[in-house]
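# A closer look at the structure
Listed here are the chains, written in short residue letters.
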Amino acid sequence: MADRQGSGILFALCGFALLSTGDAIIKTMAGEWSPLAVAALRFTFGAIGLSALLGVRQGKAAFRPRNPLLQIGRGICLAMATLGFFSAIFIMPLAEATALIFVAPILTALLSGPLLGERVRPATFIASAIAFAGVLVILRPNVLALGLAALLPLVSALFMSLLVIANRASARQGSALSMQAFMAIGAVPILVTASLIGQATGIPALQIGMPSVSVALRCAFVAVTASTAHYLIYLATTRSDAATIAPMTYIQMLVASILGWLLFGDAPDAITLLGAAIIIAAGLYLWRDSHRRLQSAAAPS
């Protein structure tokens, strides 16, 4: 049992670290191609690969979702979250954009009340207030420098939280592989449309053109690493309970900070570290409260 728990934690750490590695690779393409087109190409590769794997493993029947509208909604949420985050890391330090994404679990807890009918606990409101303070700490200098573009990670966090809620609603409607495939397939049309709209605006940074071989290979590589990361995280949840796995996500902040420093010279400053620490503290407080409640509910009366 202890070995399975340990392997679950290791799988989770590797999976979350791999996600930040992929983000760093995406950031290396800043200035080379439109971030909207990068997102579209990355998920096109992902959708093709996941669909091929799903077809081989589960056959044609696996491509018929029980609730098509819900799967379309998941794809839209993924597309919007990706557009927000990819655009953010093209113009912001990787560590700062990643830190702001960590408000997503707080938003999920808040939105689960009106959207899923779940009771929003007092701890959720406390964690939300703490996280909001951390967001303000990080955003203050960035809004002054970047304007409203600094809010892009928060847009991404909002749609990530909606995606988590949609994932809850689609639980047990298919295998983990089919859920990944449906999500990627649903995101591609939105991302392609967004990249074409970006082309039509005439904004130089959003022009598409033909990607270089290097850009195409990096998009394909990120598609593979991201799918591998999600699979590792899925394996982690089969070996350890969700309460144990949840805090492992904060390895992303550490990896993003290190890679941002090494690859782009973006050493996180004291303000970013303070804001990130506040947001992470809010997430851990909420996780701890949930873990305590689950233990109390499981205890014999």
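Since we're looking at a predicted model, the values are computed, not measured.

About the cut-offs
Throughout this document, residue positions are counted from 1 along each chain, in the order its sequence is written. pLDDT decides what is reported in this predicted model: residues at 70 or higher carry local features, side-chain atom pairs at 80 or more are listed and counted, and totals for whole chains, interfaces and linings draw on all residues regardless. Remark: hydrogens and water are excluded; side-chain values derive from all non-hydrogen atoms of the structure. Secondary structure elements are taken from DSSP: a helix is a run of H or I of four residues or more, a strand is a run of E of two residues or more, and numbering for both begins at the N terminus. Between the first and last residue of a helix there are one fewer steps than residues, each counted as 1.5 Å, and that sum is the expected span. Note that the bend at a residue is defined as the angle between axes fitted to the seven residues ending at it and the seven residues starting at it. Polar contacts, as counted here, are pairs of nitrogen or oxygen atoms within 3.5 Å of one another; within protein the pair requires one atom able to donate a hydrogen and one able to accept it, and residues that are adjacent in sequence qualify only if both atoms are side-chain atoms. In what follows, residue pairs with any heavy atoms lying within 4.5 Å of each other are defined as contacts. The angle between two axes is taken between their N-to-C directions and runs from 0 to 180 degrees, where each axis is a line fitted to C-alpha atoms and a helix contributes only its stretch in contact. Our angle categories are set so that under 35 degrees counts as roughly parallel, over 145 as roughly antiparallel, 65 to 115 as roughly perpendicular, and the remainder as oblique. In this scheme the crossing of two helices becomes right-handed for a clockwise turn of the near helix relative to the far one and left-handed for an anticlockwise turn of less than a right angle. pLDDT measures the predictor's confidence residue by residue and takes values from 0 up to 100.

## Digging into helix α8 (residues 176-201)
Here α8 contains 26 residues, and its C-alpha end-to-end distance of 38 Å stays within 8% of the 38 Å for a straight helix at 1.5 Å per residue. Along α8, the largest kink reaches about 25 degrees and is centred on V188; proline P189 follows within four residues of it.

## Things to note about the side chain of T249
Tracing the chain through its elements places T249 in the loop between α10 (242-245) and α11 (251-264). A polar contact is formed between the side chain of T249 and the side chain of Q252, at a distance of 2.9 Å. If sequence neighbours within four positions are ignored, T249 has contacts with F16 and F102.

## Some thoughts on the packing of helix α4 (residues 94-101) against α11
Look at α4 against α11: their axes get within 8 Å of each other, and the N-to-C directions meet at 165 degrees. Taken together, the axes of α4 and α11 lie roughly antiparallel to each other. Crossing angle aside, the handedness with which α4 passes α11 is right-handed. On the side of α4, the interface is formed by L94, A95, T98 and A99, while α11 contributes Q252, M253, A256, S257 and G260.

## Quick word on the confidence of the model for the protein chain
Chain-level statistics for the protein chain give a pLDDT mean of 87 and a share of 93% at 70 or above. No element of the protein chain has a lower mean pLDDT than α10, at 64, and none a higher one than helix α2 (residues 35-58), at 95.

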